[in-house]
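Tertiary structure, described
Residues per chain are reported as follows:
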Amino acid sequence: MALHIFKTRILVIIGSLVALFMLISKSSVQEVAHSVNVPELDIDLSHIKHDSMEMLKEITVHEEPIVDLPCTITNKKTNQFYDLTPLSSIDGNVQAWNSKGFDYGRNFSLGICSSPLKNIGALTSLDFVDVSNKSEVGGYYTNSEGHKVSIGQYNSELKLRGGNLVLEYSNGDICGSGLPKSTLLTFKCDREMQSKARVSYLGNMFNCSYIFEVRTIHACATAHNEDENAVWGLFIGILFVFALVSACAGTLYKIIKRHYERAVKK
């Protein structure tokens, strides 16, 4: 169950308990007052109950939606969090991942959520001939003439498809069919790897669409970074509610005691 659903249910339960406590407390005060022959007390606790419920409602309703940063994604159903930024060049340090093409006859260089190019100034006019922005090339290979061919512009928007973590690159150099080359990266969780990641070439369709598998521990789901803060916030909220209930109980006790003393004096 997602954490925000659990948190919402806890808050609803707490709110219900507070409201019930207020009703029982008011009834108890009236009974004690009647037993000591004190005129019926008109104690209005509705504003306390109303304020408590409004506070809990505001906490529940106004939860900030999770906004995923580039190269990260949160599963909205399970709240599992994926972060591939350690494999990218987002922090400014260029990371290029190489993969052998085997029977394809060419080796590939890929970036994850970023470009694998380390020296854009060294490119010639014959490199990436169909690409308008060469700095955004996400993957490429070198053809038989020694020129670089783009297999897609990089993208930092991860997607979950049927539980599979994927990343798509598009708008590469034009292939034989007249369409731009594209790339699909699929990520697999591997907790036993000694290295950060391993990229494997799986195949292509008509020398136009390329598929790679990336095995890495960074593709393993974790708890969202905000979950720990949410748990602490929930804990503090519970303490606040109990403090509020205790304060109300103390106030009620003083009211009962004061009216009892007045009744005894009479």
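Refer to the structure printed above.
What this report covers is the structure whose coordinates are included nearby. Because the structure is a prediction, the values reported are computed rather than measured.

This structure, assessed with the given rule, holds eleven aromatic pairs. Consider the rings of Tyr-141 and Tyr-210, whose centres lie 6.3 Å apart with planes at 55 degrees: the pair is tilted. Residue Tyr-141 is located in strand β5 (residues 139-142), and its partner Tyr-210 is located in strand β11 (residues 209-216); the two are separated by 69 residues in the primary sequence. We note that Tyr-141, like Tyr-210, is buried. Cluster of aromatic residues (ring-pair linked, three or more members): Tyr-104, Phe-108, Tyr-141, Tyr-201, Tyr-210 and Phe-212.

This part is about the pairing of strand β9 (residues 182-189). Two elements, strand β8 (residues 164-169) and β9, share five bridges in a ladder whose sense is antiparallel. Bridge pairing in β9 links Val-166 to Thr-186. In the sheet, β9 pairs with β11 via eight bridges, with the strands oriented parallel. In the sheet register, Lys-188 faces β11, and the bridge partner there is Arg-215.

By the bridge criterion, three bridges tie strand β4 (residues 108-110) to β5 in an arrangement that is antiparallel. Within β5, the position partnered with Phe-108 by the bridge is Tyr-141. The antiparallel pairing of β5 with strand β6 (residues 148-150) creates a hairpin that spans five residues between the two strands, and Gly-146 there sits at a positive phi of about 85 degrees.

Now for the environment of Thr-216. Residue position: Thr-216 is located in strand β11. Given the relative accessible area of 0%, Thr-216 is considered buried. Separated by 28 residues in the primary sequence, Thr-216 and Lys-188 have C-alpha atoms spaced 6.4 Å apart. Setting aside its immediate chain neighbours within four residues, Thr-216 contacts Leu-87, Lys-188, Cys-189, Asp-190, Met-193, Lys-196 and Ala-197.

This part covers the nonpolar core. Counting 27 residues, the largest nonpolar core has Ile-112, Phe-187 and Phe-212 as its most contacted members. Counting residues per element, the ones that place at least two in this core are β4, β8, β9, β10 (197-205) and β11. Leave out the neighbours within four places in its chain, and Phe-212 touches Ser-99, Phe-108, Leu-110, Ile-151, Thr-183, Leu-184, Leu-185, Thr-186, Val-199, Ser-200, Tyr-201 and Leu-202. Counting residues in each nonpolar core, the second largest holds six residues, with Leu-117, Phe-128, Val-131 and Tyr-140 among its members.

Next up on the list: the sheet that holds β11. In space, the five strands of this open sheet follow the order β7-β8-β9-β11-β10, with mixed pairing throughout. For this open sheet the edge positions go to β7 (159-161) and β10, each flanked by a neighbour on one side alone. In this sheet, adjacent strand axes meet at a mean angle of 30 degrees when their direction is disregarded. The pairing of β10 with β11 spans eight bridges and is antiparallel.

Turning next to the side chain of Glu-213. Take Glu-213: it is sitting in strand β11. The exposure class of Glu-213 is buried, given its relative accessible area of 18%. Apart from the residues within four sequence positions on either side, Glu-213 is in contact with Thr-186, Lys-188, Arg-198, Val-199, Ser-200 and Leu-202.

The next thing to look at is the pattern of salt bridges. According to the stated counting rule, one finds five salt bridges in the structure shown. Between Arg-161 and Glu-168 there is a salt bridge, and its shortest N-O distance comes to 3.0 Å. The partly exposed category is assigned to Glu-168, whose relative accessible area is 29%. We note a salt bridge from Glu-213 to Arg-215, for which the minimum N-O separation is 3.6 Å. Salt bridges sharing partners connect three or more residues here, namely Lys-159, Arg-161 and Glu-168.

Once that is clear, we can look at the side chain of Lys-181. You can see Lys-181 is positioned in the loop between β8 and β9. For the buried Lys-181, which has no salt bridge, the nearest side chain bearing the opposite charge is Asp-173, at an N-O separation of 7.7 Å. Within the structure, the side chain of Lys-181 is placed 2.5 Å from the backbone oxygen of Asn-207, a separation counted as a polar contact. At 2.9 Å, the side chain of Lys-181 forms a polar contact with the side chain of Tyr-210.

Here we come to the sheet that holds strand β1 (residues 72-74). If you walk across this open sheet you meet the three strands as β1-β2-β12, and the pairing is antiparallel. Among the strands making up the open sheet, the edge pair consists of β1 and β12 (222-223). Bridge count for strand β2 (residues 80-83) against β12 is two bridges, and the pairing is antiparallel. In the strand pairing of β12, Phe-81 is matched with Thr-222.

What counts and how
- Residues numbered from 1 in each chain as written.
- Predicted model: local features only at pLDDT ≥ 70, side-chain atom pairs only at ≥ 80, totals over all residues.
- Heavy atoms only, no water.
- Phe/Tyr/Trp six-rings, centres within 6.5 Å; stacked < 30°, edge-to-face > 60°.
- Helix = DSSP H or I, 4+ residues; strand = E, 2+ residues; numbered from the N terminus.
- Buried < 20%, exposed > 50% of the residue type's maximum accessible area, 1.4 Å probe, protein only.
- Pairing = 2+ DSSP bridges.
- Contact = heavy atoms within 4.5 Å.
- Core = buried A, V, L, I, M, F, W, Y, C linked by side-chain atoms within 4.5 Å.
- Axes fitted to C-alpha atoms, helices over the stretch in contact; angles between N-to-C directions.
- Salt bridge = Lys/Arg side-chain N within 4 Å of Asp/Glu carboxyl O.
- Lys, Arg positive; Asp, Glu negative; His and termini not counted.
- Polar contact = N/O pair within 3.5 Å; in protein donor to acceptor, adjacent residues only side chain to side chain.

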